[in-house]
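A look at the structure
The residues making up each chain are set out below.
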Amino acid sequence: MLDRFLDFYPNIGLEAGFLLLVLVALESVLSADNAIALASIAQGLSDRKVQRQALNIGLIAAFVLRMTLILTATWVIQFWQFELVGALYLLWLVFKYFTSDQGDDGEHHGPRFNSLWQAIPMIAMTDLAFSLDSVTTAIAVSEETWLVLTGATIGIITLRFMAGLFIRWLDEYVHLEDAGYLTVGFVGLRLLLRVIDPEIVPPEWLLISIVAVLFIWGFSEHNPQRESNPTGEIPDASDSEA
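Please read these numbers as outputs of a predicted model, since none were measured by experiment.

For Thr-126, the location among the structural elements is in helix 8 (residues 116-131). With a relative accessible area of 0%, Thr-126 lands in the buried category. If near-sequence neighbours (up to four positions away) are discounted, Thr-126 is found in contact with Ala-37, Leu-38, Ile-41, Tyr-89 and Leu-93.

Structural data, given as structure tokens:
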């Protein structure tokens, strides 16, 4: 969507500031699946404080990788192998999620980690794989690369905020994590189809429509355990005895 929109930029004469706002807005809307994947990965750490640290450090690393990808975009798109690796990585994430053992709540859950430094590389690599889907954006505005870099910077900050919200929402809504990983699968499949034959890649409006339907389903059912314990804290044994 971004690359097609920007194709019109030289003709409609948008001001740089307005274009930047459009870039950030579109990137925020299209980053929901990325945010939920990162939230699910961070949730693999048991402590909430460590989860926040993983997101902060992981997205700093992701920022460096994303900037590098934008600056080298004209070189990267010459090698289909990059998109193939990104597609296989995202599809592997989905496969690992849906084949994982179900928890006490009967639901699948993302990967689990023993330390902060196990989660950080996975957060950075997941964001990079998602970023491959928008490499053409940098090509579309090659003469205004600073706009793309600025938009990506604000986008990373927005992504951190969204991922923080999704960490909480994953506990509140029963189907949200499943919906998120299904959207990750669609993004991975789209990348794979682009490698096979760009002509068979489904239009982006169809992908956005599917993602919207999945997220409506994801937010459709509250977790009853969460409703009875809105703080998410484990009750103290002494309280129940009292």
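Along the chain, the position of Arg-66 falls in helix 5 (residues 48-71). According to the relative accessible area criterion, Arg-66 is buried, its value standing at 7%. A polar atom in the side chain of Arg-66 sits 3.3 Å from the side chain of Ser-131.

We now examine helix 11 (residues 176-196). Across its 21 residues, helix 11 extends 30 Å between first and last C-alpha, which sits within 8% of the 30 Å expected from 1.5 Å per residue. Extensive coverage of helix 11 is indicated by the burial of 15 of its 21 residues.

Per-residue confidence for the protein chain gives a mean pLDDT of 77; residues scoring 70 or more make up 73%. Mean pLDDT across the elements of the protein chain ranges from a minimum in helix 14 (residues 237-241), with 38, to a maximum in helix 7 (residues 80-98), with 91. This stretch, residues 1-14, has a pLDDT under 50; its non-local contacts, to residues over four places away or in other chains, come to 24 contacts. Contacts from residues 230-242, a stretch scored under 50 in pLDDT, to residues over four places away or in other chains number 3 contacts.

Residues Leu-55, Leu-59, Leu-90, Ile-123, Phe-166, Leu-176 and Phe-215 are the most contacted members of the largest nonpolar core, which totals 43 residues. Going through the elements one at a time, helix 4 (32-42), helix 5, helix 7, helix 8, helix 10 (145-172), helix 11 and helix 12 (204-218) are the ones with two or more residues in this core. Other than its neighbours up to four places away in sequence, Phe-166 contacts Ala-32, Ala-35, Ile-36, Ala-39, Leu-176, Phe-215 and Phe-219.

Moving on: the pattern of salt bridges. In this structure the tally under the stated criterion is 4 salt bridges. Two residues, Glu-83 and Arg-194, come together in a salt bridge whose shortest N-O distance is 3.0 Å. Within this pair, whereas Glu-83 is found in helix 7, its partner Arg-194 is found in helix 11, the two being separated by 111 residues in sequence. Taking relative accessible area as the criterion, Glu-83 reaches 16% and is therefore assigned buried. In this structure Arg-194 comes out as buried when scored by relative accessible area, which is 16%.

All right, on to the packing of aromatic side chains then. Per the stated rule, a full pass over the model turns up 10 aromatic pairs. For the pair Phe-79 and Phe-82, a centre-to-centre distance of 6.2 Å together with 80 degrees between the ring planes defines the contact as edge-to-face. With a relative accessible area of 34%, Phe-82 lands in the partly exposed category. Pairing Tyr-173 with Phe-219 gives two aromatic rings, centres 4.9 Å apart and planes at 75 degrees, and the pair type is edge-to-face. With a gap of 46 residues between them, Tyr-173 in the loop between helix 10 and helix 11 and Phe-219 in the loop between helix 12 and helix 13 (224-228) connect regions that are remote in the sequence. By relative accessible area, Tyr-173 is classed as buried at 15%. The class for Phe-219 is partly exposed, based on a relative accessible area of 30%. Through a chain of ring-to-ring contacts, three or more aromatic side chains come together here, namely Phe-166, Trp-169, Tyr-173, Phe-215 and Phe-219.

A few words on helix 7. Over its 19 residues, helix 7 extends 27 Å from the first C-alpha to the last, a length consistent with the 27 Å expected when each residue adds 1.5 Å. The set of residues buried in helix 7 consists of Glu-83, Gly-86, Ala-87, Tyr-89, Leu-90, Leu-93, Val-94 and Tyr-97. An end-on view of helix 7 places all buried positions within 160 degrees of arc, on one side of the element. Facing away from the buried surface of helix 7 by more than 90 degrees, the exposed residues are Val-85 and Phe-95.

With that settled, consider the environment of Ile-200. Here Ile-200 shows up in the loop between helix 11 and helix 12. Relative accessible area serves as the criterion here: at 44%, Ile-200 is assigned to the partly exposed category. For the pair formed by Ile-200 and Arg-190, sequence separation is 10 residues and the distance between their alpha carbons is 9.3 Å.

This paragraph deals with the packing of helix 4 against helix 11. With their axes 9 Å apart at the nearest point, helix 4 and helix 11 run at an angle of 120 degrees to one another. Between helix 4 and helix 11, the interaxial angle falls into the category oblique. Helix 11 is crossed by helix 4, and the crossing has left-handed handedness. The segment helix 4 lies against helix 11, with Asp-33, Ile-36, Ala-37 and Ser-40 engaging Leu-176, Glu-177, Gly-180, Tyr-181, Thr-183, Val-184 and Val-187. For the contact of helix 4 with helix 11, the residue count by class is 6 nonpolar, 3 polar and 2 charged.

What counts and how
Residues numbered from 1 in each chain as written. Predicted model: local features only at pLDDT ≥ 70, side-chain atom pairs only at ≥ 80, totals over all residues. Heavy atoms only, no water. Helix = DSSP H or I, 4+ residues; strand = E, 2+ residues; numbered from the N terminus. Buried < 20%, exposed > 50% of the residue type's maximum accessible area, 1.4 Å probe, protein only. Contact = heavy atoms within 4.5 Å. Polar contact = N/O pair within 3.5 Å; in protein donor to acceptor, adjacent residues only side chain to side chain. Expected span 1.5 Å × (residues − 1). pLDDT = per-residue confidence, 0-100. Core = buried A, V, L, I, M, F, W, Y, C linked by side-chain atoms within 4.5 Å. Salt bridge = Lys/Arg side-chain N within 4 Å of Asp/Glu carboxyl O. Phe/Tyr/Trp six-rings, centres within 6.5 Å; stacked < 30°, edge-to-face > 60°. Arc of directions from axis to C-beta. Axes fitted to C-alpha atoms, helices over the stretch in contact; angles between N-to-C directions. Parallel < 35°, antiparallel > 145°, perpendicular 65-115°, else oblique. Left-handed = near helix turned anticlockwise from the far one by under 90°. Nonpolar A, V, L, I, M, F, W, Y, C, P; charged D, E, K, R; others polar.

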